[in-house]
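The chain contents come next:
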Amino acid sequence: MSLRIVVTVKYVPDATGDRHFADDLTVDRDDVDGLLSELDEYAVEQALQISENSDDDVEITVLTVGPEDAKDALRKALSMGADKAIHVEDDDLHGTDAIGTSLVLAKAIEKAGYDLVVSGMASTDGTMGVVPALVAERLGVPQVTLLSEVSVEGGVVKGRRDGDSATEQLEASLPAVVSVTDQSGEARYPSFKGIMAAKKKPVESWDLSDLDIDEDEVGLENAYTVVESAAERPARTAGTIVKDEGEGGKQLAAFLAGQKFI
């Protein structure tokens, strides 16, 4: 038996950097360093754990859609232990929204071949969290999302979803799409051996023509969701200092009440 896992990952601007919008109100990715989305590292980790705990032959493919630099995200995932990677890159993809991205991912996943798709719960730049569900809908397979625990056995994927007031045990027959949360287990650090091995692992490059996708199905002009306006975040102002000269508690309570914190 064999199990083909595709992990979708995203190359995102470093959240600690000084991020801006470009003139067309898309994220300016040239003005800040990028990296593999932290939330997608959990997806890679869960795929690796499934492989390590499986009696089947497991092949893990990492898939990303993005510019040339997005290969850095793939290399990080390969250095963690994934087997191969696919990079979908095309100038016409600029400005593609979540709906368009789900189309590209679904087409690429179908072309690659899969039994299980594993995604992070959201990207750290867009933070929409809808792409796994959209991909599952396009593929016509079950979705089991927001899992804090996941396993595969006997052609079935099982997982635990933790809510505010309840915990659900979920399962679905393969093929299926799952997404995992940041509570699913700390992602491993790539070892030196893994980093060196990643340099020799195959990375395929596809464009829209390879996926039979027309340019009018993707891109900023064809997006269903767009940013209409944006403004710089206001500079921080000096805070309020409460000096305790016997009435500090009352002053603090009054301040908190004025801010509607109490």
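See the structure above.
All of these numbers come straight from a predicted model, not from anything done at the bench.

A. Molecular detail of the packing of aromatic side chains. Throughout the structure, instances matching the rule amount to zero aromatic pairs. A cation over a ring is seen here: Lys-111 above Trp-206, with NZ or CZ 5.2 Å from the ring centre.

B. Broad picture of the pattern of salt bridges. Tallied over the entire structure, the rule returns ten salt bridges. With its nearest N and O atoms 3.1 Å apart, the salt bridge here joins Asp-125 to Lys-10. Here Asp-125, found in the loop between β6 (116-120) and α4 (131-139), pairs with Lys-10, found in the loop between β1 (2-8) and β2 (11-13); they are 115 residues apart in sequence, far enough to count as distant. On the basis of relative accessible area, Lys-10 is assigned to the partly exposed category, the value being 27%. One salt bridge in this structure joins Glu-45 and Arg-188, with 2.7 Å as the shortest N-O distance. Pair noted here: Glu-45 is in helix α1 (residues 38-52) and Arg-188 is in the loop between β11 (176-180) and α5 (192-198), with a separation of 143 residues, a long-range link. Counted as one network, the salt bridges with shared partners bring together Glu-45, Glu-52 and Arg-188.

C. The arrangement of helix α2 (residues 71-80) in detail. Among the residues of α2, those classed as buried are Ala-73, Leu-74, Ala-77, Leu-78, Ser-79 and Met-80. Following α2 by one or two positions, Gly-81 has its phi on the positive side, about 140 degrees.

D. Local environment of the sheet that holds β6. Reading across from one edge, β7-β11-β6-β1-β4-β5-β12 is the order of the seven strands in this open sheet, with parallel pairing throughout. Strands with a single pairing partner mark the edges of an open sheet, and in this sheet they are β7 (143-147) and β12 (203-206). Strand-to-strand, the axes of this sheet are offset by a mean angle of 20 degrees, without reference to chain direction. Inspection of the sheet shows strand β4 (residues 57-65) paired to strand β5 (residues 84-88) by five bridges, in the parallel sense. Bridged to Leu-63 within β5 is Ile-86. Against the sheet, α2 makes contact with β4, β5 and β12, and its axis sits at roughly 165 degrees relative to β5, the strand it touches most. Across the face of the sheet, α4 comes into contact with β6, β7 and β11 while running at roughly 175 degrees to β11.

E. Spotlight on unusual backbone geometry. Put simply, Leu-174 and Pro-175 share a cis peptide bond, and its omega is 0 degrees. Its place among the elements puts Pro-175 in the loop between β10 (167-173) and β11. Backbone geometry at Asp-212 places phi at a positive 55 degrees, although glycine is not the residue there. One can find Asp-212 in the loop between β12 and α6 (248-258).

F. Examining the side chain of Ser-148 more closely. Mapped onto the secondary structure, Ser-148 falls in the loop between β7 and β8 (149-153). Under the relative-accessibility criterion, Ser-148 is labelled buried at 7%. In terms of polar contacts, Ser-148 uses its side chain to reach the side chain of Asp-162, at 2.6 Å. Filtering out sequence-adjacent residues up to four positions away, Ser-148 remains in contact with Arg-160, Asp-162, Thr-181, Gln-183 and Ser-184.

G. Expanded view of the packing of α1 against α2. For the pair α1 and α2, the least separation of the axes is 10 Å and the interaxial angle reads 30 degrees. Comparing the axis directions of α1 and α2 gives the class roughly parallel. For the element pair α1 and α2, the recorded crossing hand is right-handed. Taking contact as the criterion, the partners of Glu-41, Val-44, Glu-45 and Leu-48 in α1 are, on α2, Lys-76, Ala-77 and Met-80. Here the residues of the contact of α1 with α2 sort into four nonpolar, no polar and three charged.

Criteria and thresholds
- Residues numbered from 1 in each chain as written.
- Predicted model: local features only at pLDDT ≥ 70, side-chain atom pairs only at ≥ 80, totals over all residues.
- Heavy atoms only, no water.
- Phe/Tyr/Trp six-rings, centres within 6.5 Å; stacked < 30°, edge-to-face > 60°.
- Lys NZ or Arg CZ within 6 Å of the ring centre and 35° of its normal.
- Salt bridge = Lys/Arg side-chain N within 4 Å of Asp/Glu carboxyl O.
- Helix = DSSP H or I, 4+ residues; strand = E, 2+ residues; numbered from the N terminus.
- Buried < 20%, exposed > 50% of the residue type's maximum accessible area, 1.4 Å probe, protein only.
- Pairing = 2+ DSSP bridges.
- Axes fitted to C-alpha atoms, helices over the stretch in contact; angles between N-to-C directions.
- Contact = heavy atoms within 4.5 Å.
- Polar contact = N/O pair within 3.5 Å; in protein donor to acceptor, adjacent residues only side chain to side chain.
- Parallel < 35°, antiparallel > 145°, perpendicular 65-115°, else oblique.
- Left-handed = near helix turned anticlockwise from the far one by under 90°.
- Nonpolar A, V, L, I, M, F, W, Y, C, P; charged D, E, K, R; others polar.

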